[in-house]
Amino acid sequence: MKTQISSDVRLLADLIRKGGVVVFPTETVYGIGASSYNEEACKRIYQIKGRPSDNPLIAHFSSIEEIKSVCEVSEVAERLLCEFAPGPLTLVLPKKNPNIFPKELSTLAVRIPKNPIVRDWIKTCDSPISAPSANLSGRPSLTRMTDVVRYFDGIVDGIFVTDEPSLGIESTVVGMFEDPPVLLRPGSIESNELKRFFPNLLVPNSFLVEGKTVPLSPGMKYKHYAPKANVKLLSPDAFSSEWNRYGTDSKTAWIGFSYANEEKLESTFTKTNPTRVKIVSSNFEYSTELYAFFESCDQMGIDTIHCETPKEGEGKEGLLNRLQKASEAN
Ligand code: TXA
Ligand code: MG
């Protein structure tokens with residue numbers, strides 16, 4: 001198949017209107033999308049990804065009004081959307097329009113991506129865009145254009161070229177189909193921000209502390225976010241001692257904060273091989289770099305990726321969840 005790699009909103013909207021599948025960037029990760037009203041095209045996404053058929057897709061909209069036309073939007077859901085949309089927030093709402101994919105479900109996950117050009121494209125498609133993250137099922141989401149082209153050129157109808165994702169981990173998903181609402185997937189909008197809107201929000205303990213994650217929404221029960229290499233999640237102390245033992249092994253990779261403040265060690269760390277060692281300075285930078293680093297490690301044939309636990313505070317919740325899931329998959 002000839003894939004149109006393009007920035008032309010009209011051309012890419014035409015592909016969707018004709019029943020095509022288009023990979024597009026959002027502020028979180030790349031998505032692989034089709035018209036939410038074209039069941040056949042949506043099902044093709046499952047085939048391409050090897051995605052289990054019981055894992056529903058998020059519908060991407062260009063405005064709150066469009067969401068209201070297909071879902072029940074409660075007063076608090078609307079306030080939440082006004083605060084965080086467009087942005088990395090997905091709400092699972094009761095569905096009003098039964099024709100929207102997946103037809104058999106009474107709920108719909110909705111989100112408005114941040115990039116105005118992507119929203120313009122969705123509007124031009126005359127339909128919401130149902131899209132999971134653009135990756136093979138179970139593998140890390142993609143955050144770099146080069147990786148998207150490597151995986152999807154020749155397989156999808158179009159690839160949308162515009163700003164690459166900046167946040168690096170998938171959106172926060174909140175289930176609002178029953179009371180109290182529940183955090184289904186942590187992300188960069190954190191539970192303490194959401195609790196301003198509903199103090200009774202259910203937050204699974206495993207999203208906040210180190211420990212095994214527990215599946216909540218269909219997607220969370222599957223192996224996820226995992227590169228081919230083994231992922232080891234290590235406390236700062238364990239990370240340093242493992243580095244001292246195995247750091248010179250060219251089949252190992254390292255991502256974390258350690259050594260960043262220790263000049264001598266830092267120079268050893270980065271001189272070793274900068275492509276298999278990544279020093280980050282904040283949880284935010286860690287999230288942005290994580291999946292691209294996983295992808296690069298797989299291309300280099302790395303056996304084990306050592307990941308230091310995130311720092312306490314902002315940006316920890318979603319990042320820790322992805323690191324835990326990736327390390328559990330070993
Ligand atoms: O940042 C993101 O959310 C990216 C970009 C492309 O928007 N998308 C994404 O989609 O990560 P996906 O399919 O990889 O993850 C969607 C999650 C899954 O865990 C899925 O089970 C859950 O949302 N989900 C979707 N529809 C649902 C529904 N009706 N009820 C409960 N969970 C749902
Ligand atoms: Mg995904």
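Scoring rules and cut-offs
Residues numbered from 1 in each chain as written. Chains lettered and ligands numbered in written order. Predicted model: local features only at pLDDT ≥ 70, side-chain atom pairs only at ≥ 80, totals over all residues. Heavy atoms only, no water. Helix = DSSP H or I, 4+ residues; strand = E, 2+ residues; numbered from the N terminus. Buried < 20%, exposed > 50% of the residue type's maximum accessible area, 1.4 Å probe, protein only. Phe/Tyr/Trp six-rings, centres within 6.5 Å; stacked < 30°, edge-to-face > 60°. Polar contact = N/O pair within 3.5 Å; in protein donor to acceptor, adjacent residues only side chain to side chain. Contact = heavy atoms within 4.5 Å. Pairing = 2+ DSSP bridges. Axes fitted to C-alpha atoms, helices over the stretch in contact; angles between N-to-C directions. Domains from an automatic or database assignment. Buried area = accessible area lost by both parts, 1.4 Å probe. Disulfide = S-S within 2.5 Å. Core = buried A, V, L, I, M, F, W, Y, C linked by side-chain atoms within 4.5 Å.

Concerning the environment of Trp254
Relative to the helices and strands, Trp254 resides in strand β12 (residues 252–256). Overall, the relative accessible area of 0% leaves Trp254 in the buried class. Each C-alpha atom, one on Trp254 and one on Phe239, is 8.7 Å from the other, the two residues being 15 residues apart in sequence.

Quick look at the packing of aromatic side chains
Inspection of the entire model under this criterion finds eight aromatic pairs. Between Trp121 and Phe160, the ring centres sit 5.5 Å apart and the planes meet at 80°, which makes this aromatic pair edge-to-face. Highlighted residues: Trp121 in helix α5 (residues 116–124) and Phe160 in strand β8 (residues 158–160), separated in sequence by 39 residues. The exposure class assigned to Trp121 is buried, which follows from its relative accessible area of 0%. The exposure class assigned to Phe160 is buried, which follows from its relative accessible area of 0%.

As for the side chain of Thr172
Residue position: Thr172 is located in strand β9 (residues 172–175). Here the side chain of Thr172 touches Gly187 through a polar contact of 3.2 Å, landing on its backbone nitrogen. Ignoring anything within four residues of it in the chain, the contact list for Thr172 reads Pro88, Leu89, Thr90, Leu183, Arg185, Pro186, Gly187, Ser188, Ile189 and Leu194.

Focus on the environment of Arg276
Tracing the sequence through the fold places Arg276 in the loop between α9 (263–272) and β13 (277–279). Considering only alpha carbons, one finds Arg276 and Arg150, 126 residues apart in sequence, at a separation of 20 Å. Looking at Arg276, its side chain comes within polar contact range of the main-chain oxygen of Asp249, at 3.2 Å.

Here's the deal with the sheet that holds strand β2 (residues 22–25)
Taken in spatial order, the ten strands of this open sheet run β1-β8-β2-β3-β7-β4-β6-β5-β9-β10, and their pairing is mixed. In this open sheet, the two strands that pair with only one neighbour each are β1 (4–6) and β10 (182–185). Here the average twist between neighbouring strands, direction ignored, is 30°. On top of the sheet, helix α6 (residues 145–152) reaches β1, β2, β3 (30–35) and β8; it is set at about 175° to β8, its chief contact.

Concerning the domain arrangement of the chain
According to the domain assignment, the chain consists of domain 1 (4–194) and domain 2 (230–328). Taken over C-alpha atoms, the centre of domain 1 sits 29 Å from the centre of domain 2. Between domain 1 and domain 2, the contact holds 22 residues from the first and 19 residues from the second. Where domain 1 abuts domain 2, roughly 1600 Å² becomes buried across the two surfaces, and 46% of that area is made up of carbon and sulfur atoms.

Side note on the state of the cysteines
Per the counting criterion, the structure on display carries zero disulfides. Considering cysteine sulfurs only, Cys42 is the nearest to Cys71, which forms no disulfide, with 15 Å between them. In this model Cys307 remains outside any disulfide bridge; the closest cysteine sulfur is found in Cys297, 8.3 Å from its own.

What to know about the pairing of β10
Judged from the three bridges that link them, β9 and β10 form a sheet pairing that is antiparallel. Within the sheet, the bridge partner assigned to Val173 lies in β10 and is Arg185. Where β9 folds back on β10, the antiparallel hairpin that results is connected by six residues.

Considering the nonpolar core
Core analysis: the biggest nonpolar cluster contains 29 residues, and Phe61, Ile67, Leu80, Leu91, Leu93, Val174 and Leu194 have the highest contact counts within it. At the level of elements, α3 (64–70), α4 (75–84), β5 (89–94) and β6 (107–111) are the ones that each hand at least two residues to this core. The leading source of residues in this core is α4, at four residues. When residues no more than four places from it in sequence are discounted, the contact partners of Leu194 are Leu80, Phe84, Leu89, Thr172, Val174, Leu183, Ile189 and Leu201. Ala229, Phe294, Cys307 and Ala326 belong to the second largest nonpolar core, which has 21 residues in total.

A word on the sheet that holds strand β11 (residues 230–234)
If you trace the four strands from one edge of the open sheet to the other, you get β11-β14-β12-β13, paired in parallel fashion. Where the open sheet ends on each side, the last strands, each with one partner, are β11 and β13. Each adjacent strand pair in this sheet contributes to an overall mean axis angle of 15°, direction not counted. Of the strand pairs in this sheet, β12 and β13 are connected by three bridges, and their pairing is parallel. Looking across to β13, one finds that Gly256 is bridged to Ile279. Packing against the sheet, helix α8 (residues 236–246) makes contact with β11, β12, β13 and β14 (304–308), and its axis sits at approximately 150° to β12. Helix α11 (residues 316–328) rests against β11 and β14 of the sheet, and its axis sits at about 130° to β11.

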